[in-house]
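What follows is the residue order along each chain.
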Amino acid sequence: MKVLITGAAGFIGFSLCNYLCKFNYDIYGIDNFDDYYDIKIKRQRINFLKTNYKKFKFAKIDIVNFKKLNFYVKKNKINYIINLAAQAGVRYSIQNPKKYIQTNINGFFNILETSRINKIKRLITVEKWPEFITRYIDFNNEVLFSYCADKLFHDRACGLLIQRNN
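Right, let's walk through the structure included here. (Residues numbered from 1 in each chain as written. Predicted model: local features only at pLDDT ≥ 70, side-chain atom pairs only at ≥ 80, totals over all residues. Heavy atoms only, no water.)

## Things to note about the overall build of the chain
- A tally of regular secondary structure across the chain gives six helices and six strands.
- Reading the helices (α) and strands (β) of the chain from amino to carboxyl end gives β-α-β-α-β-α-β-α-α-β-β-α.
- For the chain, restricting intrachain contacts to residue pairs at least 6 apart in sequence, the fraction spanning at least 24 positions comes to 63%.
- When the accessible surface of the chain is totalled, it reaches about 9,500 Å², and 54% of it is carbon and sulfur. (Helix = DSSP H or I, 4+ residues; strand = E, 2+ residues; numbered from the N terminus. Contact = heavy atoms within 4.5 Å. Areas by Shrake-Rupley, 256 points an atom, 1.4 Å probe, with all protein chains shown as cover.)

This is the structure in C-alpha cells:
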C-alpha cells in the first residue's frame, strides 16, 4: 500500500506519517513549507521521518502545482491520498484571500483531479477550519461522511467528481 500524505510537515501530517510508518507502509509525504508556521520545525519533522523510516519518501511539492502533484502521484503509483494540506489561519484568509483561495480551493481541486486521473482507491481529506471535519471519499460510490456547511465547495466538488466517474 502506497499512501500520499499532503501537508506532511505540519503537526498533524507529521504525526500521521510517524504513526503509519510504524506499520511499514510506503509513505510519501509532500509539503510546500509555507512560512505561516515555523519552517525550521517543519524541516526537523521531515528530517526525523527520513532518518527513522526507510519507507518514508518526501518531496517539496505545493498542491497548487497540478503538474508536479500529478506527476509525483503517477510516478510513485500512489494508491491512497490523505489530504492535510491547507493554508491555515482565519485572519490570514482575510488579509490574503488570494493565497487562501489558491491553496484551499484550487489546490484541493488539484487533489481531486489527480485522484481521478490516477484512479486513487480512496481519498481522505480533513478540513481544518472552522472545526476538524473528515471526509472519506470512495471513488466507486459516494462521499461516505460529510458535515460542514462552510466547506460546501468541497462537498460539491467531491460530488461532481464522483458523478463524473460513474
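Moving on from the model shown.
## Topic: the environment of Lys22
- When you line up the elements, Lys22 lands in the loop between α1 (11-21) and β2 (26-31).
- Placed 30 residues apart in sequence, Lys22 and Asn52 show a C-alpha to C-alpha distance of 9.8 Å.

## Side note on the packing of aromatic side chains
- For the structure on display, the rule yields six aromatic pairs.
- Look at Phe33 and Phe58: their rings are 5.5 Å apart centre to centre, the planes differ by 55°, and that puts the pair in the tilted class. Pair noted here: Phe33 is in the loop between β2 and α2 (39-52) and Phe58 is in strand β3 (residues 56-60), with a separation of 25 residues, a long-range link.
- Using a relative accessible area of 8% as the deciding quantity, one classes Phe33 as buried.
- Through successive ring pairs, a cluster of aromatic residues spans Tyr19, Phe23 and Tyr25.
- Of note, Arg43 hangs over the ring of Phe33, and the distance from its end group to the ring centre comes to 4.5 Å. (Phe/Tyr/Trp six-rings, centres within 6.5 Å; stacked < 30°, edge-to-face > 60°. Buried < 20%, exposed > 50% of the residue type's maximum accessible area, 1.4 Å probe, protein only. Lys NZ or Arg CZ within 6 Å of the ring centre and 35° of its normal.)

## Some words on unusual backbone geometry
- For Phe33, which is not a glycine, the phi torsion comes out positive at approximately 55°.
- Unusually for a residue other than glycine, Lys77 sits at a positive phi of about 50°.
- Its location among the elements puts Lys77 in the loop between α3 (66-76) and β4 (80-83).

## Structural notes on the pattern of salt bridges
- Tallying each qualifying case throughout the model produces two salt bridges.
- With its nearest N and O atoms 3.5 Å apart, the salt bridge here joins Lys55 to Asp26. Of this pair, Lys55 sits in the loop between α2 and β3 while Asp26 sits in strand β2, placing them 29 residues apart in sequence.
- Across the pair Arg116 and Glu113 runs a salt bridge whose closest N-O atoms are separated by 2.9 Å. Of the two residues, Arg116 and Glu113 both sit in helix α5 (residues 97-117), three residues apart, roughly one turn of that helix.
- The class for Glu113 is buried, based on a relative accessible area of 12%. (Salt bridge = Lys/Arg side-chain N within 4 Å of Asp/Glu carboxyl O.)

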